[in-house]
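These are the residues of each chain, in order.
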Amino acid sequence: ENIMNYEEIKKYDKEYNLHSWTAQKDFSPMVVTKADGIYFWDDKGKKYYDMSSQLVNLNIGYGNKKVIEAIKNQAEKLSYISPAYAIDVRSEIAKKVLEIAPENMGKVFFTLGGADANENAIKMARLYTGRTKVFSRYRSYHGSTFGAANLTGEPRRYTCEPGIPGFIKFFQPYLYQDKIKFESERAAAEYYVQRLREQIIYENPETVAAIVMETVTGSNGVIIPPDGYLEGVRKVCDEFGIMMICDEVMAGWGRTGEWFACDNWNVKPDIISFAKGITCGYVPLGGVLVSKEIAKFFDDNVLMCGLTYSAHPVSCAAGCATIDVYKEQKLIQNSKNMGIVLGKELEKLKEKHASVGDVRYIGLFSAVELVKNKETREPLVPFGKDPEKIMSKIIGMLKDKGFSTYSHENSIIVAPPLIIKENEIKEAMNIFDEVLT
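Residues numbered from 1 in each chain as written. Predicted model: local features only at pLDDT ≥ 70, side-chain atom pairs only at ≥ 80, totals over all residues. Heavy atoms only, no water.

## A word on the nonpolar core
One finds Trp 253, Phe 260, Leu 289, Met 429 and Phe 432 to be the most contacted residues of the largest nonpolar core, which totals 75 residues. Here this core gets nine residues from one element, more than from any other, and that element is helix H10 (residues 313-328). By size, the runner-up hydrophobic cluster in this structure holds 34 residues, among which are Phe 170, Ala 189, Leu 196 and Val 208. (Core = buried A, V, L, I, M, F, W, Y, C linked by side-chain atoms within 4.5 Å. Buried < 20%, exposed > 50% of the residue type's maximum accessible area, 1.4 Å probe, protein only. Helix = DSSP H or I, 4+ residues; strand = E, 2+ residues; numbered from the N terminus.)

Next up, the structure:
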């Protein structure tokens, strides 16, 4: 039984905890008491639809018995052993991940989460190519540790500046807000790939180790690459011997209706970073998948990467069980099927509400972009400024009605657990409709 009452939980939290991405004084965290399936409850007994899967990671929902059991068993059997040893769950999870990864992948290095997956991905690319420069995009988030923050393009990187030398930013296609109007997705893709190629030439291709991209941009508005874009970047990488790194931390593990988002375009990166959905947050785990060529390189060259908790036994056990859950419950297919249902609901909102400029969706990964004016597409709040805190007010209104999610700039994320059913999507989206009204 919980020895603290809810008042004490709240009091001690305010007194002793530091919370991320917020000034502490006015922050008032909700006390959560329990959770099940796609729902969680607060201390007043109020129920919430978790429509962002927390941080787009809780793909299998709350309370999955199979994963919980695997964690318990592993904790009793062998709760920790150094990464230098081989153990059953470590071997099993590596094999399981490789079986569902793109077929050019050779081996996997396990981390604790997405940021350190990206840190190690760029380190491996630099070791393999012997080059130093790394390209990444402005509308991106790759983590907030120093290297991952330097990869990040949006304002959360500013605190890690002046940055590390050799990190270079480029713009991606963002067709809804682009000032250039293209005749087709392909035309836009060609233009942006051409600009990127030109920039690489000006940076000296022989110094460029990697191009890092979220396959589908996550928190910065679920920006889906136009047809031909990823294929075009792949060609540029091949031309100059640059490693194509796809950050699949959010987009991987069925979120887009495929195991990995790059499978939607049949593009094979050299390196894939992942985290979130491999254990769905039940315990921390991330990883870096590398191609067979890169794996072979490290047969004779020292892999200068290491973490005390790399391939942690309890995490590996949870990951094995989670992959089984995806397969047994056919969650990749459910993500695809329910994505169609969610897409229709989003299109209804766009048609009905003056404030909804654009809706973007792939699988159960979606965003609603709010505007002041549909004709001019003027954003609801200017970039980097929200003096009225309009977006957090809207998120608060949603939460008051039991729809929990988060926003970034002008976009509200809708990315429910992959176990969601059709009626649950419709009930939750009715709440969204009411708030927009």
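From this point, the discussion proceeds with the structure in view.
## Examining the packing of aromatic side chains
All chains considered together, the criterion is met by 21 aromatic pairs. Where Tyr 128 meets Phe 297, the ring centres are 5.2 Å apart and the plane angle is 85°; that geometry is what we call edge-to-face. In this pair, Tyr 128 sits in helix H5 (residues 114-129) while Phe 297 sits in helix H9 (residues 292-300), placing the two residues 169 residues apart along the sequence. In this structure Tyr 128 comes out as partly exposed when scored by relative accessible area, which is 26%. (Phe/Tyr/Trp six-rings, centres within 6.5 Å; stacked < 30°, edge-to-face > 60°.)

## Focus: H9
Those residues of H9 that fall on the buried side of the exposure criterion are Ile 294, Ala 295 and Phe 298. The arc that holds the buried residues of H9, viewed along the axis, is 100°, so those residues lie on one side. Counted as exposed and oriented over 90 degrees from the buried face of H9: Glu 293, Lys 296, Asp 299 and Asp 300. Its buried side turned inward, H9 meets strand S4 (105-111), H5, strand S8 (243-247), strand S9 (271-274) and strand S10 (286-291). (Arc of directions from axis to C-beta. Contact = heavy atoms within 4.5 Å.)

## Here's the deal with the packing of helix H12 (residues 390-400) against helix H13 (residues 422-436)
Axis separation between H12 and H13 bottoms out at 9 Å; the angle between their running directions is 130°. It follows that H12 is oblique to H13 by the angle criterion. Read as a crossing pair, H12 and H13 show a hand that is right-handed. Between H12, through Ile 394, Met 397 and Leu 398, and H13, the contact on the second element is made entirely by Ile 431, Phe 432 and Val 435. Of the residues in the contact of H12 with H13, the class split is six nonpolar, no polar and no charged. (Axes fitted to C-alpha atoms, helices over the stretch in contact; angles between N-to-C directions. Parallel < 35°, antiparallel > 145°, perpendicular 65-115°, else oblique. Left-handed = near helix turned anticlockwise from the far one by under 90°. Nonpolar A, V, L, I, M, F, W, Y, C, P; charged D, E, K, R; others polar.)

## Brief notes about the pairing of strand S3 (residues 47-50)
Across three bridges, the pairing between strand S2 (residues 39-42) and S3 is antiparallel. When the sheet's bridge partners are listed, Phe 40 is paired in S3 with Tyr 48. Hairpin connection of S2 to S3: four residues between the antiparallel strands, including Gly 45 at a positive phi of 85°. (Pairing = 2+ DSSP bridges.)

## Re the pattern of salt bridges
Two side chains carrying opposite charge are able to pair once their charged atoms lie near each other. Inspection of every chain in the model, using the stated rule, returns 23 salt bridges. The salt bridge involving Asp 238 is made with Arg 234; its shortest N-O contact spans 2.9 Å. Of this pair, Asp 238 and Arg 234 both sit in helix H8 (residues 229-240), four residues apart, which is roughly one turn of the helix. Take Asp 238: its relative accessible area is 53%, and that puts it in the exposed class. Take Arg 234: its relative accessible area is 14%, and that puts it in the buried class. (Salt bridge = Lys/Arg side-chain N within 4 Å of Asp/Glu carboxyl O.)

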